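# Fold and contact review
Here's the letter readout for the chains.
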2 protein chains.
Amino acid sequence: MSDQDDDELRYADMTVLELLTEMKDTSETIVDLAYASLRFNSSSIAEEVRKLEKDMDDLKYAMRYRVMLSARSRDDAKQMSGILEVGLAADRISDAASSITSLLRFPQEKRPYINNILNESDEKYRMVRISDVSDMKGRTIGPDLAVEAQTACRIIAVKNRHGWTFDPEGFFKLRAGDEVFARGSAESLDQLSAYASGREPYEFPEAVPDDKAEEDAADDAEVEEALTEELRGEDSE
Amino acid sequence: MSDQDDDELRYADMTVLELLTEMKDTSETIVDLAYASLRFNSSSIAEEVRKLEKDMDDLKYAMRYRVMLSARSRDDAKQMSGILEVGLAADRISDAASSITSLLRFPQEKRPYINNILNESDEKYRMVRISDVSDMKGRTIGPDLAVEAQTACRIIAVKNRHGWTFDPEGFFKLRAGDEVFARGSAESLDQLSAYASGREPYEFPEAVPDDKAEEDAADDAEVEEALTEELRGEDSE
């Protein structure tokens, strides 16, 4: 069975909502990886961008097909075309971002500005290596470390002797020697770096009792509902 | 003096590097605000997206002008066209994102999927109100609270009785009653919510002695340089 068939099967089980959510998330990964390919002068990262672009195309066709099947009336069709817009915007964002990787054809010394731009902008990219004495060693990115919540950095890729893992899942376990590519503010990346090198002990997430978490979420939902109502009022004035 | 003249003066003092950095940062703000306009059904946020789109156009023209003036030879011109590519990609990303706001023309009940997509995706948007008993009250987003590092949420806008502040600077001081629009993972937004409501005491950033911070940064730079060298080796094989 070819990859193409695999993809068609993979997307066949997804709802329109799942397809669109996947498109939005993929477009964000593509933007990150496109900038990262320049930052680290890496054609392997650029190659992954091309693969994800292909995934986006498959998702787009799957979404169009599903939407066409669902529209039963003129009103339906109008509403559906609106839904398509989010997916198409995500696809255009990906196209624009992936064009950035074409800059790799310039030798690095011929594009001195690029690293400056990436170092000056709010969101920066950095790679850190997990040291043998780091608390991060042997722990999962999500359940054990909650890297994003604890460091405010997003791990966009990990490289080790098995190769690259792009946009790793929460259960991905970090090992000594792993090279972690992350995005964040300068301060957040400094913090991640201190944890990865073992210079500082990792600050592990606190376990929240389930009922407390649910209660908080209910409170939040209530406040937010009220605020949304208010805002809607303001806008329709 | 018209706004147009103001903008031209503002951008006239900026270097190509500064212009491009501003374009990259603005494109990221536009993507956030475009999704947020749908999430909160807000035509004021959509209006800000249109203003930022206009800024992007001005930045693009300023960048092109500056680049044309700088190119003195064929080699120069080739290199410069590469530099333009990052700015143009940022501009295309912004165009794609701002097309999302056109969905606001559908009544909210006619686009039930949208909030689901935005709630299911990795990066979520939420608004929280700063309560009178919150530790965040009366403190600056950056120096005092280091919101991004401490909560892993990015504040994309604040609304209070003076109106909206989009992409607020670090010295922006939060007041009781301020409505804060933030982006982050569900867990990070729950944490921000607990701080904003005063349900949990804020965890303030630790002050790092200056010499220690500099030493760490030097260590990091050294490790990263070595990794970049390695990676370059791999790619040119």
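A short tour of the structure in this document, coming up. Computed from a predicted model, the values in this text were never measured in an experiment. Within each chain, residues carry numbers counting from 1 in the order of the written sequence. Chain letters start at A and ligand numbers start at 1, both assigned in the order the entries are written. Side-chain atom pairs in this predicted model are given and counted only at pLDDT of 80 or more, local residue features only at pLDDT of at least 70, and totals for whole chains, interfaces and linings cover all residues. Side-chain descriptors were evaluated using all non-hydrogen atoms of the structure, hydrogens and water having been removed beforehand.

### Comments concerning helix α2 (residues 16–39) of chain A
All names here are of chain A. To keep it simple, the criterion reads: The way it works is that DSSP assigns letters per residue, a run of H or I at least four long becomes a helix, a run of E at least two long becomes a strand, and they are numbered from the N terminus. Multiply 1.5 Å by the residue count of a helix minus one, and that product is the helix's expected span. A 1.4 Å probe rolled over the protein chains alone gives each residue an accessible area, and that area as a share of the maximum for its type sets the label: buried under 20%, exposed over 50%, partly exposed in between.
Given a rise of 1.5 Å per residue, 24 residues ought to cover 34 Å, and the 35 Å separating the end C-alpha atoms of α2 matches this to within 8%. Most of α2 is tucked away: 22 of the 24 residues are buried. Trailing α2 by a residue or two, Asn 41 shows a phi angle of about 50°, which is positive.

### Digging into the pairing of strand β2 (residues 154–160) of chain A
Residues and elements named next belong to chain A. Our working rule: One requirement defines pairing of two strands: DSSP has to find at least two bridges between them.
Most of β2 is tucked away, with 6 of its 7 residues classed as buried. Pairing analysis gives 5 bridges linking β2 to strand β4 (residues 179–184), with the strands arranged antiparallel. Looking at β4, one finds that Arg 154 is bridged to Arg 183. Both β2 and strand β3 (residues 163–166) contribute to a ladder of 4 bridges, which runs antiparallel. Bridging from a neighbouring strand, Asn 160 pairs with Gly 163 of β3. The antiparallel pairing of β2 with β3 creates a hairpin that spans 2 residues between the two strands.

### Quick word on the interface of chain B and chain A
Short version of the rule: Residue contacts are defined here by distance: any two heavy atoms, one from each residue, within 4.5 Å place the two residues in contact. In this description, buried area is defined as the sum, over both parts, of the accessible area (probe of 1.4 Å) that is lost when the two are combined. Salt bridge, as applied in this entry: a Lys or Arg side-chain nitrogen positioned within 4 Å of an Asp or Glu carboxyl oxygen. The definition of a polar contact used here is a pair of N or O atoms within 3.5 Å, where within protein one atom must be able to donate a hydrogen and the other to accept one, and adjacent residues in sequence count solely through side-chain atom pairs. Side-chain classes are defined by residue name, with Ala, Val, Leu, Ile, Met, Phe, Trp, Tyr, Cys and Pro counting as nonpolar, Asp, Glu, Lys and Arg as charged, and the others, Gly among them, as polar.
Across the boundary between the two partners, chain B contributes 79 residues, which contact 80 residues of chain A. The junction of chain B with chain A conceals about 7000 Å² of combined surface from both sides, 56% of it contributed by carbon and sulfur atoms. On the surface where chain B and chain A come into contact, there are 6 salt bridges. With a shortest N-O distance of 3.4 Å, Arg154(B) and Asp122(A) are connected by a salt bridge. On inspection of chain B and its partner chain A, the count reaches 12 residue pairs in polar contact (both at pLDDT 80 or more). The element best represented in the side of chain B that touches chain A is helix α4 (residues 74–98) of chain B, accounting for 14 residues. Broken down by class, the residue content of the side of chain B that touches chain A amounts to 31 nonpolar, 17 polar and 31 charged.

### Quick look at the relation of the copies chain B and chain A
Under the convention used in this document: Superposition of the copies used a least-squares fit over C-alpha atoms from residues whose pLDDT is at least 70 in both.
Overlaying chain B with chain A gives an RMSD of 0.0 Å, the required rotation being 180° about an axis along which the chain moves by 0.0 Å. The operation mapping one copy onto its partner corresponds to a two-fold rotation axis. In terms of C-alpha distance to the rotation axis, chain B has Ala152(B) as its closest residue, with the C-alpha 2.0 Å off the axis. Interface overlap between copies is the fraction of interface residues in one copy that are interface residues in the other; for chain B against chain A it reaches 100%, indicating a shared surface.

### A closer look at the sheet that holds strand β3 (residues 163–166) of chain B
Residue and element names in this part refer to chain B. Applied cut-off: Only the stretch in contact is used when a helix axis is fitted, and all axes are lines through C-alpha atoms; the angle between N-to-C directions ranges over 0 to 180 degrees.
Strand order in the open sheet made by the 4 strands is β1-β4-β2-β3, with antiparallel pairing throughout. Because the sheet does not close on itself, it has two edges, and the strands there are β1 (124–129) and β3. Going across the sheet, the axis of each strand differs from the next one's by a mean of 20°, ignoring polarity. Running over the sheet, helix α7 (residues 186–197) touches β1 and β4 (179–184) and is turned about 5° from β1.

### Description of the sheet that holds β4(A)
Residue and element names in this part refer to chain A. As summarised here, the arrangement of the 4 strands in space is β1-β4-β2-β3, forming an open sheet in which the pairing is antiparallel. Two strands close off the open sheet at either side, each with one partner strand: β1 (124–129) and β3. Mean inter-strand twist for the sheet, computed between neighbouring axes without regard to direction, equals 20°. Across the sheet, α2 touches β1, β2, β3 and β4, and the angle it forms with β1 is around 70°.

### Points about the packing of α2(A) against helix α4 (residues 74–98) of chain A
The relative placement of two packed helices comes down to the angle between their axes together with the axis-to-axis distance. All names here are of chain A. Our working rule: Angle categories: roughly parallel below 35 degrees, roughly antiparallel above 145, roughly perpendicular from 65 to 115, and oblique for all the rest. Note on convention: the crossing is left-handed when the near helix lies turned anticlockwise from the far helix by less than a right angle, right-handed when the turn is clockwise.
Put simply, α2 and α4 touch, their axes get as near as 9 Å, and they point 20° apart. As far as their axial angle goes, α4 and α2 are roughly parallel. Considering how the two elements wind past one another, α2 and α4 form a crossing that is left-handed. Across the interface between the two elements, Val 16, Leu 20, Met 23, Lys 24, Ser 27, Ile 30, Val 31 and Ala 34 from α2 touch Ile 83, Gly 87, Ala 90, Asp 91, Ile 93, Ser 94, Ala 97 and Ser 98 from α4. For the contact of α2 with α4, the per-class residue count stands at 10 nonpolar, 4 polar and 2 charged.

### Digging into the pairing of β1(A)
All names here are of chain A. Among the 6 residues in β1, 5 count as buried, and that is most of the element. Where β1 and β4 come together, 6 bridges link them in antiparallel fashion. Its bridge partner lying in β4, Arg 126 is registered against Ala 182.

### Description of the packing of aromatic side chains
The description of an aromatic ring pair uses the distance of the two centres, along with the angle that the planes make with each other. The line we're drawing: By convention, a stacked pair of Phe, Tyr or Trp rings (six-membered ring in the case of Trp) has centres within 6.5 Å and planes under 30 degrees apart, an edge-to-face pair has planes over 60 apart, and any other such pair is tilted. For a ring to carry a charge above it, either NZ of a lysine or CZ of an arginine must fall within 6 Å of the ring centroid while also lying within 35 degrees of the normal to the ring plane.
For the structure shown, the criterion picks out 12 aromatic pairs over all chains. Within the aromatic cluster, the residues linked to one another by ring pairs are Phe40(A), Trp164(A), Phe166(A) and Phe181(A). Positioned over the ring face of Tyr35(A) is Lys24(B), at 4.5 Å from the centre of the ring.

### Section: the environment of Pro143(A)
All names here are of chain A. With respect to the helices and strands, Pro 143 occurs in the loop between β1 and α6 (147–151). Taking the C-alpha atoms as reference, Pro 143 lies 9.0 Å from Pro 205; in sequence the two are 62 residues apart. Filtering out sequence-adjacent residues up to four positions away, Pro 143 remains in contact with Gly 170 and Phe 171.

### A short note on the pattern of salt bridges
In the structure shown here, the tally under the stated rule is 26 salt bridges over all chains. Among the ionic pairs, Arg129(B) bridges to Glu179(B), the shortest N-O distance being 3.5 Å. Here Arg129(B), found in strand β1, pairs with Glu179(B), found in strand β4; they are 50 residues apart in sequence, far enough to count as distant. With relative accessibility at 34%, the residue Arg129(B) sits in the partly exposed group. Exposure remark for Glu179(B): the relative accessible area of 5% places this residue in the buried category. Taken together, the shared-partner salt bridges in this structure form one network comprising Asp32(A), Asp122(A), Glu123(A), Arg154(A), Arg183(A), Asp32(B), Asp122(B), Glu123(B), Arg154(B) and Arg183(B).

### Here we look at α7(B)
Think of an α-helix as 3.6 residues a turn; residues three or four steps apart then line up on the same face. Residues and elements named next belong to chain B. Relative to the 16 Å expected for 12 residues at 1.5 Å per residue, α7 spans 16 Å between its end C-alpha atoms, a close match to the ideal helical length. Those residues of α7 that fall on the buried side of the exposure criterion are Ser 188, Leu 189, Leu 192, Ser 193, Ala 194, Tyr 195 and Ala 196. Once α7 ends, the next one or two residues include Gly 198, with phi positive near 85°.

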